[in-house]
Each structure stands twice: as structure tokens, then as C-alpha cells.
Amino acid sequence: MITNQKVSYINSQYEFEYGQKARNIIKQNNVSRMNEPRIIELPKIIDPRGNLSFFENSNQIPFDIKRTYWIYDVPGGETRGSHAFKEQQEFIIALSGSFDVVLHDGTKEWKFSLNRSYYGLYIPNMLWRTIENFSTNSLALIVSDKMYNAEDYIRDFDEFKTIKNG
Ligand code: TYD
């Protein structure tokens, strides 16, 4: 006869094995997606008084935040960026207005249009990134996992491609 205690042991063993398997699959997916840029949807607390969104250190985004900066008052037709980072990862949100983030991995190019304050773009290191097509009064919030370091920039696209592709 199986006692209650035994049943609960079997259940927890099963749960452990099953849970472990699920955790491994999640881990593998995360590892395989780690170097991919992607849009992350942030929580949105809808309220008649005005909506609220947030992200917390490494809860909604895949890194610990070390630095925050923002880009604003961009004259029409201007572009920002056009460089890659050797190490730093970023998460960019259009807090206000809209703009396009163009990414290049040395072979292929992505274009992400950001225009909602509850969607952000995760950008891994070693991607060439340009921000363009800023709307009037747009505000780009950028968080990074590294302190500012001029040495982390690659500002020459040919050099970037050589590092990526050999
Ligand atoms: P840069 O990153 O080149 O701007 P963008 O990529 O948007 O064109 O930075 C512009 C200048 O601002 C550069 O001289 C370095 C300085 N800066 C800091 O001092 N601290 C920072 O955190 C950032 C992002 C830039």
C-alpha cells in the first residue's frame, strides 16, 4: 500500500523531473535566442487616470541595468548611432513618438519600428545599430548593462564586418 507520504514523494519526484525538463528547454531556447534582437512587451497597467508601464532590473529584460540615457530634440532627418558595441547590450523604448532601429549583424539587416511606450527592443552586443526616422518630439530611452566606455564602440562598419565575418 502506498502511504500519503509516498504518494507526495512520487509526485514531487515527478514534478522535479518534469520541471527540470521544462527548465532545460526554456534554458536552451533562451541560449539560442540570446544573441537575437527582439521586441519585449512590457507590463501595461491600464487605468482611466492614465496607463503605467515598467521594467525592473533583469525581470522583464535579459540583463542587469548599469546605465540609462535618453535621446531627445532630434532634428528632422537626423540619425543617431551607426556603431556597434563589443560588449554592451541595450534595451530601447520609444517613450514618446516613434523612430526606427536598424540592426545589422554583418550579413543580414533588421528594421524595428518603435512607437509604443510598452514595447522595447532588446539589442545584444556586436550588432551594428542605427536609429533613424525620428518623429517630432520623440524620446528614446536606452538602458545598458555597462557603464559608458568609449573603448567599447566600433565606429567603422568595414571593421565591424571583418570582426564578424573574418
Ligand atoms: P554616442 O553613443 O556616440 O551617441 P549616438 O550613438 O546616439 O550617436 O554618444 C554621443 C556622445 O555622448 C559621445 O561623445 C559620448 C557621450 N556619451 C556619454 O558621455 N555617456 C553616455 O552614456 C553616452 C551614451 C554617450
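Residues numbered from 1 in each chain as written. Predicted model: local features only at pLDDT ≥ 70, side-chain atom pairs only at ≥ 80, totals over all residues.

*Asks:* Would you explain the overall build of the protein in this entry?
*Replies:* Looking only at helices and strands, one finds 2 helices and 12 strands in the protein. Walking the protein from its N terminus toward its C terminus, one meets helices and strands in the order α-β-β-β-β-β-β-β-β-β-β-β-β-α. Looking at the protein as a whole, 16% of its 166 residues are labelled buried. When contacts within the protein are restricted to residue pairs at least 6 apart in sequence, long-range pairs at least 24 apart make up 74% of them. (Helix = DSSP H or I, 4+ residues; strand = E, 2+ residues; numbered from the N terminus. Buried ≥ 20, exposed ≤ 12 C-beta atoms within 10 Å, placed from the backbone. Contact = placed C-beta atoms within 7 Å.)

*Asks:* In this structure, what is going on with the site of the ligand? I would like to understand it.
*Replies:* Neighbouring the ligand are Arg 67, Tyr 69, Ile 71, Arg 80, Gly 81, His 83 and Tyr 148. Put simply, the parts of the chain that give the shell around the ligand at least two residues each are strand S4 (67-71) and strand S5 (80-85). When grouped by side-chain class, the residues that make up the shell around the ligand number 3 nonpolar, 2 polar and 2 charged. (Near = placed C-beta within 6 Å. Nonpolar A, V, L, I, M, F, W, Y, C, P; charged D, E, K, R; others polar.)

*Asks:* Even after reading the chapter, I still don't get the nonpolar core, so can you show me in this structure?
*Replies:* Side chains that are nonpolar tend, in soluble globular proteins, to be buried together. Judged by nonpolar contacts, the single largest core of 19 residues is most densely connected at Ile 92, Phe 99, Leu 114 and Leu 121. Per element, the largest residue contribution to this core is 4 residues, and it comes from strand S6 (residues 90-96). (Core = buried A, V, L, I, M, F, W, Y, C linked by C-beta atoms within 7 Å.)

*Asks:* What exactly am I supposed to notice about the sheet that holds strand S9 (residues 119-123) here?
*Replies:* Each strand in a sheet pairs with another by means of backbone hydrogen bonds, the pair being arranged parallel or else antiparallel. If you walk across this open sheet you meet the 5 strands as S1-S9-S6-S11-S4, and the pairing is antiparallel. This sheet does not close on itself; its edge strands, each paired only once, are strand S1 (38-41) and S4. Direction aside, the axes of adjacent strands within the sheet are offset by 25 degrees on average. (Pairing = 2+ DSSP bridges. Axes fitted to C-alpha atoms, helices over the stretch in contact; angles between N-to-C directions.)

*Asks:* In this structure, what is going on with the environment of Asn 35? I would like to understand it.
*Replies:* Here Asn 35 is to be found in the loop between helix H1 (4-33) and S1. The spacing of Asn 35 and Asn 125 is 90 residues in sequence and 7.7 Å in space, taken between C-alpha atoms.

*Asks:* So what exactly am I meant to see when it comes to the pairing of S5 here?
*Replies:* On a regular strand, each side chain points to the face opposite its neighbour's, so the side chains alternate between the two faces of the sheet. Pairing geometry for S5 and strand S10 (residues 128-132), over 3 bridges, is antiparallel. Bridge assignment links Arg 80 to a residue of S10, and that residue is Ile 131. With 2 bridges connecting them, S5 and strand S12 (residues 153-154) associate as antiparallel partners. Bridge pairing links Phe 85 to Tyr 153 in S12.

*Asks:* For this particular structure, what's the right way to read the sheet that holds S10?
*Replies:* In space, the 5 strands of this open sheet follow the order S8-S7-S10-S5-S12, with antiparallel pairing throughout. The two strands at the open ends of the sheet, each matched to only one other strand, are strand S8 (109-114) and S12. The pairing of strand S7 (residues 99-104) with S10 spans 5 bridges and is antiparallel. Within the sheet, the bridge partner assigned to Val 101 lies in S10 and is Ile 131.

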